[in-house]
Every structure is written in C-alpha cells, then in structure tokens.
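Tertiary structure, described
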Amino acid sequence: MNWKKITEANLVAALSRREIEAYRRDFEVDTVEQLITDLTGEIRGYIFSNGNVRMDPDETTIPSSCIPKAVAILVIRVLSRINLQPTQIRIDNAKLAEEFFNNLAAGKGKVEDYDTPITDTTQQVATSPAFSAPKPERLLD
C-alpha cells in the first residue's frame with residue numbers, strides 16, 4: 001500500500017450534516033490545515049519511533065491504513081474547537097486510535113512500509129527470447 005495525505009475531504013466524510021454546517025460556519029481553512037499538519041507529524045513520530053517501518057520522505061503523508069485512525073482523532077479535535085460534544089462512539093474510536101499509535105511507537109505492531117517508486121527508466125536488454133501464446137480473441141480478427 002502507499003502513503004497518503006490526510007485531507008479535509010477525509011474529515012468532511014466523517015462528519016454528520018449538523019457537524020459539517022457548524023464546521024463550515026465556525027472554522028477557517030488555515031486552522032484545519034494546521035490541525036492536519038500537526039496530526040500528521042504526531043503520527044509520523046509514532047511510526048518513526050517504531051523503528052521497523054520504512055518512512056516516506058514526504059513529511060505530509062502517512063500509511064494509507066492509518067488514515068481512518070487519524071481521522072477519528074481529527075474529528076474529536078475539530079468538534080472540540082467548534083463546541084460540539086462528540087458521541088461516545090467517536091470518543092472511544094479516537095481513544096482506540098491513540099492506543100494503536102502508542103503501541104506502534106512501542107514496537108507492538110507494524111504498518112505498511114513506504115514503497116520506494118522505481119526511478120530507473122533505463123531499458124534492460126532481454127537475455128532470452130520470450131514467446132506468448134496467441135490470444136483467442138485475436139484469432140477471430
């Protein structure tokens with residue numbers, strides 16, 4: 001899997017209609033971006049502390065499997081800033097996410113490594129001929 005950025009779209013997808021209305025009324029884009037940047041840094045810190053995960057050099061990304069857990073934490077932080085009381089399920093989900101990241105930092109668990117993209121664009125010469133069987137759909141032409 002690859003690493004991705006936490007986005008405002010991830011946040012909005014996790015909010016109810018009432019929360020979205022309050023969020024859009026009371027929140028500034030710069031504040032959301034800062035919350036996302038701060039949370040991304042925290043999560044990358046947990047992952048780095050694990051010591052067994054190859055990190056993406058792009059400091060704005062986290063493993064895609066961590067996005068839902070990050071959003072659970074982000075929702076609580078946003079709701080607290082717009083004075084909306086989160087449901088107990090949301091609070092519990094955020095606690096579980098924080099527990100996951102703490103365990104990850106302690107070496108209990110692993111997330112997907114960053115897969116370094118192949119940057120070598122040189123073509124390699126074939127060492128032996130390659131043959132493939134004719135495709136039935138091509139025989140009907």
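Residues numbered from 1 in each chain as written. Predicted model: local features only at pLDDT ≥ 70, side-chain atom pairs only at ≥ 80, totals over all residues. Heavy atoms only, no water.

Focus on the overall build of the protein chain
Let me state the cut-off plainly: Going along the chain from the N terminus, every DSSP run of H or I of four or more residues is numbered as a helix, and every run of E of two or more is numbered as a strand. Per-residue accessibility, obtained with a 1.4 Å probe over protein chains only, is compared with the maximum for each type, and a residue is labelled buried under 20%, exposed over 50%, and partly exposed between these values. In what follows, a contact means two residues having at least one pair of non-hydrogen atoms within 4.5 Å. Methods summary: accessible areas were calculated by the Shrake-Rupley approach with a probe of 1.4 Å, and residue burial reflects only the protein chains presented.
Counting its regular elements, the protein chain contains six helices and two strands. Residues classed as buried in the protein chain amount to 33% of the 141 residues present. Across the protein chain, every contact between residues at least 6 apart in sequence was considered, and the portion connecting residues at least 24 apart equals 75%. In the structure as shown, the protein chain presents an accessible area of about 9700 Å², 52% of it carried by carbon and sulfur atoms.

Some remarks on the environment of Ala70
Inspection of the secondary structure puts Ala70 in helix 4 (residues 67-81). Sequence separation between Ala70 and Leu39 is 31 residues; the distance between their C-alpha atoms is 7.4 Å. In contact with Ala70, other than residues within four places in its own chain, are Ile6, Leu39, Ile43, Ile62 and Phe101.

Here we look at the pattern of salt bridges
Note the cut-off: For salt bridges, the criterion is a side-chain nitrogen of Lys or Arg within 4 Å of an Asp or Glu carboxyl oxygen.
This model, assessed by the stated rule, comprises four salt bridges. Measuring nitrogen to oxygen at the nearest pair gives 3.2 Å for the salt bridge that ties Arg25 to Asp26. On the basis of relative accessibility, which here comes to 62%, the residue Arg25 falls in the exposed class. The shortest N-O distance in the salt bridge between Asp113 and Lys110 comes to 3.1 Å. Note on Asp113: relative accessible area 22%, which makes it partly exposed.

Examining a negative patch on the surface
Note the cut-off: Within the patch definition used here, like charges are joined within 9 Å and nonpolar side chains (Val, Leu, Ile, Met, Phe, Trp, Tyr) within 5 Å, considering only residues with over 30% relative accessible area and no salt bridge. In summary, the charge assignment counts Lys and Arg as positive and Asp and Glu as negative, without counting His or the chain termini. For charged residues, the charge sits on one atom: NZ in Lys, CZ in Arg, CG in Asp, CD in Glu.
Taken together, the side chains of Glu8, Glu28, Asp30 and Glu33 present a region of like negative charge at the surface. Tracing the sequence through the fold places Glu28 in the loop between helix 2 (17-26) and helix 3 (29-50). The exposure class of Glu28 is exposed, given its relative accessible area of 56%.

By themselves, these figures tell us nothing about what the structure is for.
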